[in-house]
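# Fold and geometry: a report
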Amino acid sequence: MQLLLAEEMRALDRAAEEEIGIPGIVLMENAGRAVADAAEKRLGSCRQKKIVIFAGKGNNGGDGSGAGRWLHNRGAEVTLALAGLTGELTGSAADELQYYLSCGAALLEVTDADDNLQFAEIETKVRQADLVIDALLGTGFTGKMRPLFARLCRCVNLAKDTNAKCSILAVDIPTGVNADTGAADENAVRADVTVTMALPKLGLYLYPGAEYVGELQVADIGMPAPLLRETDGNRCLITKEKVREILPARPKNAHKGSAGRVVVVAGSCGYTGAAALCSFASVKSGAGLVTLFTPENAREILAVKLTEVMVKGLPVQENVLMREESLELLSEALDKADVLAIGPGFGVAEETGSLIRELLVSAHIPCVIDADAITALQDHTELLSHMVAEKVLTPHPGEMARITGLTIANIEKDRVEIARSYAEKWQAVIVLKGVPTVVALPDGNVFLNTTGTPAMATGGSGDVLTGLLAALIGQGLSVGDAAIAGVFLHGLAGELAARGSAGLAASELLSMLPEARKQIEV
């Protein structure tokens with residue numbers, strides 16, 4: 001499912017009217033009815049329920065007026081608080097307000113943020129309401145709210161603070177949330193449910209705005225399907241259906257040699273857990289043969305930990321990897337492998353970094369680059385352009401900051417665009433971990449993951465993802481498809497393993513990887 005920017009949604013509305021000939025009032029009518037249907041479902045029944053609708057003067061307010069008429073006709077006691085005067089509205093929004101008024105439903109015109117008497121009346125209605133609908137600004141909000149809208153939003157949020165029975169429903173996007181970036185005003189509406197029109201907006205999934213959305217519903221407002229397919233956006237949600245299309249069915253005559261030969265280069269003294277998690281994740285994700293190369297002084301520990309993984313040692317002298325000898329061993333192994341996963345717990349010593357860089361430049365099979373292998377690229381990212389092999393980088397924001405020179409704050413503020421730009425620059429698939437995890441492809445397409453749980457915020461989760469991605473590539477997926485499917489399966493496994501919002505151990509993800517895949521394949 002595509003994710004739109006605000007201007008792309010406006011272009012879609014224009015195309016429906018100018019190219020197809022659908023009047024704007026038709027789409028607004030459909031939007032109003034969709035909001036009313038969602039409200040009635042939330043309430044159970046509209047009859048004798050008290051509903052307060054906060055509406056702006058634009059199209060978002062028109063959707064709210066339309067919903068108000070439907071809800072009034074279904075037996076609700078509706079009050080519409082308009083941020084402005086009736087005569088100031090134009091176009092379809094003006095028409096919808098007149099249709100609403102023709103039913104005899106109540107209207108309050110609010111023009112002054114300092115009119116305490118009028119706001120006292122509004123606040124009383126909110127405290128008594130069964131539902132409050134936010135139709136103030138929608139996708140038109142980009143900066144800081146004017147005082148009138150800020151106070152109206154505080155009135156909406158009053159329902160959450162003082163009225164336990166009352167829900168808040170936002171139309172298209174909560175007022176005060178930027179539809180493109182997810183930035184949120186301090187007074188932004190905190191919705192329980194958001195009904196967005198035609199296609200979801202990018203800012204609904206980006207933090208901090210995503211915290212204000214509540215349950216997200218996408219309403220079909222009759223936008224012609226060809227227009228929806230032809231939108232210019234290059235951002236998509238990763239859905240179960242998308243992953244089902246990607247994952248290959250395993251042939252009935254499959255054998256370990258055909259199910260993917262994975263080489264993992266990971267681990268070191270004191271950091272054997274990362275190597276174990278990564279290697280065993282490949283096994284649990286369906287790889288046929290997994291070979292772990294780790295420094296000789298960590299090999300015995302890992303050989304005991306890992307029964308189903310072949311563990312081989314890399315020569316060490318005085319606790320330092322012997323670079324040339326290790327490179328020779330690894331090059332021979334890669335000649336017989338389908339994919340390389342490198343980095344988890346491998347160490348940041350100079351000799352280790354040098355080995356990583358030489359191995360990546362010489363590799364001819366796809367590479368999943370994580371953790372210490374990403375750190376080894378600090379000040380050496382030009383090597384990515386010289387690599388023959390296809391590659392996936394899986395940085396968390398701190399690692400991304402390390403190799404780009406940006407701050408973590410700047411990355412988190414614009415994670416979609418930053419992932420996209422560096423995927424193009426480095427001609428690599430970038431899996432920028434976080435909430436949401438962003439998968440950016442070298443062709444400019446970007447995918448946002450929809451699975452996962454806060455319980456996955458624990459050491460080792462990323463190591464599991466690296467092994468999972470390598471296994472999928474080994475089973476024949478392209479690096480891009482493996483990243484898209486892998487982050488979804490990883491998050492789904494976390495959801496299945498978690499028993500709350502905290503306390504999940506990364507090793508618990510491993511047992512749920514087969515179940516996550518099974519749920520997709522069914």
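Everything below is about the structure printed above this text.
Reading guide: rules and limits
Residues numbered from 1 in each chain as written. Predicted model: local features only at pLDDT ≥ 70, side-chain atom pairs only at ≥ 80, totals over all residues. Heavy atoms only, no water. Core = buried A, V, L, I, M, F, W, Y, C linked by side-chain atoms within 4.5 Å. Buried < 20%, exposed > 50% of the residue type's maximum accessible area, 1.4 Å probe, protein only. Contact = heavy atoms within 4.5 Å. Axes fitted to C-alpha atoms, helices over the stretch in contact; angles between N-to-C directions. Helix = DSSP H or I, 4+ residues; strand = E, 2+ residues; numbered from the N terminus. Parallel < 35°, antiparallel > 145°, perpendicular 65-115°, else oblique. Left-handed = near helix turned anticlockwise from the far one by under 90°. 1 Å grid on protein atoms, 1.4 Å probe; cavity = no way out; pocket = protein on both sides within 12 Å on 5 of 7 lines; lining within 4 Å. Points joined across faces, edges and corners; volume = space filled by probe spheres on them. Nonpolar A, V, L, I, M, F, W, Y, C, P; charged D, E, K, R; others polar. Expected span 1.5 Å × (residues − 1). Arc of directions from axis to C-beta. Pairing = 2+ DSSP bridges. Right-handed = clockwise from strand over helix to strand, strands pointing away. Salt bridge = Lys/Arg side-chain N within 4 Å of Asp/Glu carboxyl O.

### Some thoughts on the nonpolar core
Of all hydrophobic cores here, the largest spans 57 residues; its most connected members are Ile-238, Val-264, Leu-292, Val-429, Val-431, Val-439 and Leu-472. Residues in contact with Ile-238, not counting those within four places in the same chain, are Val-243, Val-439, Phe-447, Leu-448, Asn-449, Thr-450, Ile-484, Val-487 and Phe-488. Counting 50 residues, the second largest nonpolar core, distinct from the first, contains Leu-3, Val-265, Ala-401 and Trp-426.

### Examining the packing of helix 18 (residues 461–474) against helix 19 (residues 479–497)
Close contact between helix 18 and helix 19 brings their axes to 9 Å; oriented N to C, the two are set at 135 degrees. Judged by the angle between their axes, helix 18 and helix 19 are oblique. Like other packed secondary-structure pairs, helix 18 and helix 19 cross with a definite hand, here right-handed. Mapping the contact onto sequence places Ser-461, Val-464, Leu-465, Leu-468, Leu-469, Leu-472 and Ile-473 in helix 18 and Val-479, Ala-482, Ala-483, Ala-485, Gly-486, Val-487, Leu-489 and His-490 in helix 19.

### Let's talk about empty space enclosed by the protein
Per the stated rule, a full pass over the model turns up one cavity of 30 Å³ or more. In terms of lining residues, the largest cavity is bounded by Lys-284, Ser-285, Leu-468, Leu-472, Leu-489, Leu-513 and Arg-517. Taken together, the elements giving at least two residues each to the lining of the largest cavity come down to helix 18 and helix 20 (506–521). Taken together, the residues of the lining of the largest cavity sort by class into four nonpolar, one polar and two charged.

### Focus: the layout of surface pockets
Empty space among the atoms can be located by rolling a probe the size of a water molecule over them. There is about 880 Å³ of room inside the largest pocket. If you list the elements that add at least two residues to the lining of the largest pocket, you get helix 15 (397–404), helix 18 and helix 19. The class makeup of the residues in the lining of the largest pocket is 15 nonpolar, 16 polar and five charged. Considering only enclosed or pocket space, the second largest pocket measures out at about 570 Å³ in volume. Taken together, 24 residues form the lining of the second largest pocket, with Asp-13, Met-28, Asn-59, Asn-60 and Asp-63 sitting closest to its centre. Sorting the residues of the lining of the second largest pocket by element identifies helix 1 (6–20), helix 2 (24–43) and helix 3 (59–73) as the ones contributing at least two each. Sort the elements by how many residues they give to the lining of the second largest pocket and helix 1 lands first, with five residues.

### Remarks on helix 11 (residues 323–334)
An ideal rise of 1.5 Å per residue puts 16 Å on 12 residues; helix 11 measures up with 16 Å between its terminal C-alpha atoms. Buried residues of helix 11: Ser-326, Leu-327, Leu-330, Ala-333 and Leu-334, and no others. Summarising the axial view, the buried residues of helix 11 lie within an arc of 125 degrees, below the 170-degree limit, and thus occupy one face. Of the exposed residues in helix 11, the ones pointing more than 90 degrees away from its buried face are Glu-324 and Glu-328. Contacts from the buried residues of helix 11 go to strand 9 (261–265), strand 10 (289–295), strand 11 (310–314), strand 13 (320–321), strand 14 (339–342) and helix 12 (350–362).

### Quick look at the pairing of strand 11
The sheet contact formed by strand 10 and strand 11 spans five bridges and is parallel. Opposite Thr-291, over in strand 11, you have Met-310 as the bridge partner. Regarding the hand of the β-α-β motif, the stretch spanning strand 10, helix 10 (residues 296–305) and strand 11 is right-handed.

### Section: the pattern of salt bridges
Here the structure, examined in full by the defined rule, presents 24 salt bridges. When the shortest N-O distance is used, the salt bridge between Glu-88 and Lys-57 registers 3.2 Å. Of this pair, Glu-88 sits in the loop between strand 2 (77–83) and helix 4 (91–102) while Lys-57 is found in the loop between strand 1 (50–55) and helix 3, placing the two residues 31 residues apart along the sequence. Residue classification places Glu-88 among the partly exposed residues on the basis of a relative accessible area of 40%. Residue classification places Lys-57 among the partly exposed residues on the basis of a relative accessible area of 35%. A salt bridge links Glu-521 to Arg-517; its shortest N-O distance comes to 3.0 Å.

### Observations concerning the environment of Met-512
Within the secondary structure layout, Met-512 lies in helix 20. On a C-alpha basis, the gap between Met-512 and Gly-480 in space is 23 Å, while along the polypeptide they are 32 residues apart. If we skip the residues at most four places from it in the chain, Met-512 touches Ala-493, Leu-496 and Ala-497.

### Here we look at the packing of helix 3 against helix 4
Running from N to C, helix 3 and helix 4 cross one another at 20 degrees; their axes reach a closest spacing of 8 Å. As far as their axial angle goes, helix 4 and helix 3 are roughly parallel. When the axes of helix 3 and helix 4 are compared, the crossing they make is left-handed. From helix 3, Gly-62, Ser-65, Gly-66, Gly-68 and Arg-69 reach across to helix 4, where they touch Ala-93, Glu-96, Leu-97, Tyr-99 and Tyr-100.

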